[in-house]
Amino acid sequence: MAKQSMIEREKKRAKMVAKYSVKRAELKKASVDMSLSFEERAEAMDKLAKLPRNASPVRQQNRCRLTGRPHGVYRKFGLSRNMLRQLAMQGDVPGLRKASW
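Residues numbered from 1 in each chain as written. Predicted model: local features only at pLDDT ≥ 70, side-chain atom pairs only at ≥ 80, totals over all residues. Heavy atoms only, no water.

Student: An account of the side chain of Ser-31 is requested, with residue identities and associated values reported.
Tutor: Mapping Ser-31 onto the fold places it in helix α1 (residues 4-32). According to the relative accessible area criterion, Ser-31 is buried, its value standing at 12%. Here the side chain of Ser-31 touches Lys-28 through a polar contact of 2.8 Å, landing on its backbone oxygen. In contact with Ser-31, other than residues within four places in its own chain, are Arg-41, Ala-44 and Met-45. (Helix = DSSP H or I, 4+ residues; strand = E, 2+ residues; numbered from the N terminus. Buried < 20%, exposed > 50% of the residue type's maximum accessible area, 1.4 Å probe, protein only. Polar contact = N/O pair within 3.5 Å; in protein donor to acceptor, adjacent residues only side chain to side chain. Contact = heavy atoms within 4.5 Å.)

Written out as structure tokens, the structure reads:
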């Protein structure tokens with residue numbers, strides 16, 4: 001189980017990304033728009049740089065929904081490899097079963 005503080009930090013980042021997503025998209029679009037003057041593009045870049053760091057979606061990390069484990073997380077299920085295996089063996093993941101040939 002991951003530290004509770006790390007799990008809460010990721011939740012906080014997710015909220016911040018959602019909060020600033022529209023503003024970030026507008027500023028990013030303005031910063032590369034060649035129809036604007038250089039000063040306007042530079043101003044958009046400065047405003048983008050002044051946004052909170054955690055507003056960037058790149059800073060988010062995939063974590064297991066059950067344990068909060070940061071590594072070995074399958075995107076499709078949102079679970080770490082350990083929990084996915086455990087739940088698959090119990091038959092709790094629909095459409096998934098252990099391979100045998």
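The rest of the description comes next.
Student: Lay out α1 in plain terms, naming residues and giving numbers.
Tutor: Under the 1.5 Å per step criterion, the end-to-end length of α1 is 39 Å for 29 residues, consistent within 8% with the ideal 42 Å. At Tyr-20, α1 is bent by approximately 50 degrees, the largest bend along its length. Among the residues of α1, Ile-7, Glu-10, Arg-13, Val-17, Tyr-20, Arg-24, Leu-27 and Ser-31 are the ones counted as buried. Of the surrounding elements, those touching the buried residues of α1 are α2 (38-50). (Expected span 1.5 Å × (residues − 1). Bend = angle between axes of the 7 residues up to and from the residue.)

Taken by themselves, the reported measurements are silent on function.
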